[in-house]
Amino acid sequence: MEIVQLTPDQLDAQASRLHDTDAWQRIVTGWEQTAREPASTASPAPALPAPPASPAPPASVPDPGTPHQHPHPADWRELLSMPVDRLVEDSLGALPPRRPHERPLPGRLGAVLPERLHAWRRIGQPDVRPSVHLGYARQILTEWGWQNTPYRLRNARGARCLCGAMLTAHRLGYGSLDTVDRAGAWLITELRSQGWSGLIGPWNRHPGRTAADALALIDATIHRAALAGH
């Protein structure tokens, strides 16, 4: 269990550094592009004359006195190119992963408690994808509130900024520190697509910013990260 206590500013800087790496840029651009099949350079084979068609056999006329014969119920299996068990296994493997067990957030008292008092909630919790982590950060913003001034993890009422909500989600057991960094990098990726060239914090406290703007940004980021399998 991680014991490092990041601040929102530190998370913002770490996420920015991750976003600027070549490895991250390959992740961001790789899922949007698919390689085309290389054009074949081999000359086409000369066409061979088609063999003369043989006369079709006369169509058989069913005997009116003979009952209609239905195919055997198992005959359709002969049309498959692979066993039915393999088809079922491949279909189940294509299903999205099962959602982690959802735990309700602590109440309003939990929103104002010191962050270190939530550390025990991380014990035994599995890691989650960045998109899932951002979903819990969104829940924190909707249930505990969003704030943008001053740029701290939370205010006196327990409301969080964007980075503060992500750090709180981590401390509540929803994602490792590595997941938090990747979720922050996805947020910056979404901000870049919207024309914002700065960090998450300055965007969060920009004059005129609203809670609805923050939730819309998280929703767009969740969609982008989920499409990439994150």
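The following refers to the structure shown. All values derive from a computational prediction rather than experimental measurement. (Residues numbered from 1 in each chain as written. Predicted model: local features only at pLDDT ≥ 70, side-chain atom pairs only at ≥ 80, totals over all residues. Heavy atoms only, no water.)

Observations concerning the pattern of salt bridges
Condition: Each salt bridge in this description consists of a side-chain nitrogen of Lys or Arg and a carboxyl oxygen of Asp or Glu lying within 4 Å of one another. What counts as a helix is a DSSP run of H or I of at least four residues, what counts as a strand is a run of E of at least two, and both are numbered from the N terminus. Summary of the burial criterion: residues with accessible area below 20% of their type's maximum are buried, those above 50% are exposed, and those between are partly exposed, where the area comes from a 1.4 Å probe applied to protein chains only.
Taken as a whole, this structure holds 3 salt bridges when the rule is applied. One salt bridge connects Asp219 with Arg138, and the closest N-O pair in it is separated by 2.6 Å. Residue Asp219 is located in helix 9 (residues 211–227), and its partner Arg138 is located in helix 5 (residues 130–144); the two are separated by 81 residues in the primary sequence. Exposure remark for Asp219: the relative accessible area of 35% places this residue in the partly exposed category. By relative accessible area, which is 26% here, Arg138 ends up partly exposed. Ionic pairing is found between Asp178 and Arg182, a salt bridge with its closest N-O pair at 3.2 Å. Residue Asp178 and its partner Arg182 are both found in helix 7 (residues 177–193); the two are separated by 4 residues, about one turn of the helix. Residue class for Asp178 comes out partly exposed when judged on its relative accessible area of 46%. Looking at Arg182, the relative accessible area reads 21%, which means it is partly exposed.

Structural notes on the packing of aromatic side chains
Quick reminder of the rule: For Phe, Tyr and Trp, rings pair up if their centres lie within 6.5 Å, where Trp contributes its six-membered ring, and each pair is then called stacked (planes under 30 degrees apart), edge-to-face (over 60) or tilted (otherwise).
Taken as a whole and assessed by the stated rule, the structure comprises 2 aromatic pairs. Centroid distance Trp24 to Trp186: 5.0 Å. Interplanar angle 65°. Geometry classified as edge-to-face. Taken together, the positions of Trp24 in helix 2 (residues 22–30) and Trp186 in helix 7 put the pair 162 residues apart, joining distant regions of the chain. Its relative accessible area of 0% is what places Trp186 among the buried residues.

A closer look at the environment of Arg192
Worth spelling out the cut-off: A contact between two residues is defined here by any heavy atoms of the two lying within 4.5 Å.
In this structure, Arg192 sits in helix 7. Leave out the neighbours within four places in its chain, and Arg192 touches His19, Ser197 and Gly198.

Some remarks on the packing of helix 5 against helix 6 (residues 162–171)
Short version of the rule: Axes, fitted as lines to C-alpha atoms, cover a helix only where it is in contact. Angles between the N-to-C directions of the axes lie from 0 to 180 degrees. Should an angle fall under 35 degrees it is called roughly parallel, over 145 degrees roughly antiparallel, and 65 to 115 degrees roughly perpendicular, with every other angle called oblique. The crossing is said to be left-handed when, going from far helix to near helix, the turn is anticlockwise and less than a right angle, and right-handed when the turn is clockwise. Here the nonpolar group is Ala, Val, Leu, Ile, Met, Phe, Trp, Tyr, Cys and Pro; Asp, Glu, Lys and Arg are the charged ones; every other residue, Gly included, is treated as polar.
Put simply, helix 5 and helix 6 touch, their axes get as near as 8 Å, and they point 115° apart. Between helix 5 and helix 6, the angle is such that the two are roughly perpendicular. In this structure, helix 5 crosses over helix 6, and the sense of that crossing is right-handed. Two secondary-structure elements touch here, helix 5 through His133, Leu134, Tyr136, Ala137, Ile140, Leu141 and Trp144 and helix 6 through Leu162, Ala165, Met166, Thr168, Ala169 and His170. When the residues that make up the contact of helix 5 with helix 6 are grouped by side-chain class, the tally is 10 nonpolar, 3 polar and no charged.

Side note on the nonpolar core
Quick reminder of the rule: In plain words, nonpolar cores are sets of buried Ala, Val, Leu, Ile, Met, Phe, Trp, Tyr and Cys residues tied together by side-chain atoms within 4.5 Å.
Formed by 31 residues in total, the largest nonpolar core has its most connected members in Leu141, Leu162, Met166 and Ile200. When contributions to this core are tallied by element, the ones reaching two or more residues are helix 1 (8–19), helix 5, helix 6, helix 7, helix 8 (200–204) and helix 9. Those residues within four positions of Leu162 in sequence are excluded, and the remaining contacts are Leu141, Ile200, Trp203, Asn204, Ala214, Leu217 and Ile218. By size, the runner-up hydrophobic cluster in this structure holds 6 residues, among which are Trp24, Ala185, Trp186 and Ala228.

Some words on helix 5
The α-helix advances 3.6 residues per turn, and as a result positions three or four apart in sequence lie on the same side. Defined as follows: Each helix should span, by expectation, one fewer than its residue count multiplied by 1.5 Å.
The first and last C-alpha atoms of helix 5 sit 21 Å apart over 15 residues, in line with the 21 Å expected at 1.5 Å per residue. Looking at helix 5, one finds that the buried residues are Pro130, Ser131, His133, Leu134, Tyr136, Ala137, Ile140, Leu141 and Trp144. Downstream of helix 5 by a residue or two, Gly145 has a phi angle that is positive, lying close to 105°.

Notes on the environment of Gln14
Here Gln14 lies in helix 1. For Gln14, a relative accessible area of 24% corresponds to the partly exposed category. Spatially, the C-alpha atom of Gln14 lies 9.7 Å from that of Val180, the residues being 166 residues apart in sequence. In this view, Gln14 contacts Leu6 and Asp181; residues no more than four positions away in its chain are not counted.

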